[in-house]
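Observations on chain architecture
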Amino acid sequence: MQANLGLSLQTLVSVVFAAQLALFSFRIKREIDVADGKRKAWFPIPDYINILSMLSVTLFCIVLPLAYKQFDKASAIVFSIAAVLLAFHPICMLGHYGLLPPMERPTYATGPNQGDYRYCTWWEGVFIILALALAGAAGVYVNMKWSP
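Everything in this summary refers to the structure shown in the same document. (Residues numbered from 1 in each chain as written. Predicted model: local features only at pLDDT ≥ 70, side-chain atom pairs only at ≥ 80, totals over all residues. Heavy atoms only, no water.)

1. Section: the overall build of the protein
Looking only at helices and strands, one finds four helices and zero strands in the protein. Mapped in sequence order, the helices and strands of the protein form the string α-α-α-α. Here the protein, with 148 residues, has 32% of them falling under the buried criterion. In the protein, of all internal contacts separated by at least 6 residues, the share reaching a separation of at least 24 is 65%. Here the protein has roughly 9500 Å² of accessible surface; of this, 68% comes from carbon and sulfur atoms. (Helix = DSSP H or I, 4+ residues; strand = E, 2+ residues; numbered from the N terminus. Buried < 20%, exposed > 50% of the residue type's maximum accessible area, 1.4 Å probe, protein only. Contact = heavy atoms within 4.5 Å. Areas by Shrake-Rupley, 256 points an atom, 1.4 Å probe, with all protein chains shown as cover.)

2. Quick word on a nonpolar patch on the surface
Among the surface-exposed residues, Val140, Tyr141 and Met144 lie close enough to one another that they form a single nonpolar patch of about 350 Å² accessible area. Among the secondary structure elements, tyrosine 141 is positioned in helix 4 (residues 122–145). (Patch = residues over 30% accessible without salt bridge, like charges linked within 9 Å, V, L, I, M, F, W, Y side chains within 5 Å. Salt bridge = Lys/Arg side-chain N within 4 Å of Asp/Glu carboxyl O.)

3. Re the layout of surface pockets
Taken as a whole, the second largest pocket encloses approximately 200 Å³ of empty space. Lining the second largest pocket, in full, are Leu9, Gln10, Val13, Ser14, Cys61, Ile62, Pro65, Leu66, Gln70 and Phe71. Residue classes in the lining of the second largest pocket are distributed as seven nonpolar, three polar and no charged. (1 Å grid on protein atoms, 1.4 Å probe; cavity = no way out; pocket = protein on both sides within 12 Å on 5 of 7 lines; lining within 4 Å. Points joined across faces, edges and corners; volume = space filled by probe spheres on them. Nonpolar A, V, L, I, M, F, W, Y, C, P; charged D, E, K, R; others polar.)

4. Overview of helix 3 (residues 73–96)
The end-to-end C-alpha separation of helix 3 is 34 Å, in line with the 34 Å expected for 24 residues at 1.5 Å each. Two or three places before alanine 74, at the start of helix 3, stands the capping residue aspartate 72, its side-chain oxygen 3.3 Å from that residue's backbone nitrogen. At the C-terminal side of helix 3, glycine 98 shows a positive phi close to 70°. (Expected span 1.5 Å × (residues − 1). Polar contact = N/O pair within 3.5 Å; in protein donor to acceptor, adjacent residues only side chain to side chain.)

5. Describing the side chain of asparagine 50
Its place among the elements puts asparagine 50 in helix 2 (residues 45–68). The class of asparagine 50 is buried, set by a relative accessible area of 5%. Beyond its immediate chain neighbours, meaning those up to four positions away, asparagine 50 contacts Gln20, Leu23, Phe24 and His89.

6. A look at empty space enclosed by the protein
In the structure shown here, the tally under the stated rule is one cavity of 30 Å³ or more. In this model, the largest cavity occupies a volume close to 90 Å³. Sorting the residues of the lining of the largest cavity by element identifies helix 2 and helix 3 as the ones contributing at least two each. Broken down by element, the residue count for the lining of the largest cavity peaks at six residues, all from helix 3. Across the lining of the largest cavity, the residue classes tally to eight nonpolar, four polar and no charged.

Take a look at the structure:
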């Protein structure tokens, strides 16, 4: 028995897109504050993934469905990938900020970046790989199960 939750694709796309925009806006605000404090400002890898995902959702889940008046298989695949990536973003950022064991943010010990925080921590890398793998699996699953 299937339950009708009253959710439409438009609602789901809107929620995911709004969350992606909120994450992006938060990052921009934070990096402006960092730069104003005369510190080095940059985007972590999960934010670049979020930007690419946001652009993909814009094209495949908003623009093309409006142009062709249908949400097709490609749109569903992109949406499923975006939803998984969005779910993993905060987990990846926990790794980025060193909020997972050993609960410290590693810095470069030598070289021109000595003392700076590492661009990508070990935990962050693990969760990015996991996120990309599961997002890819979600896309493959939707591709196999899609029926308009």
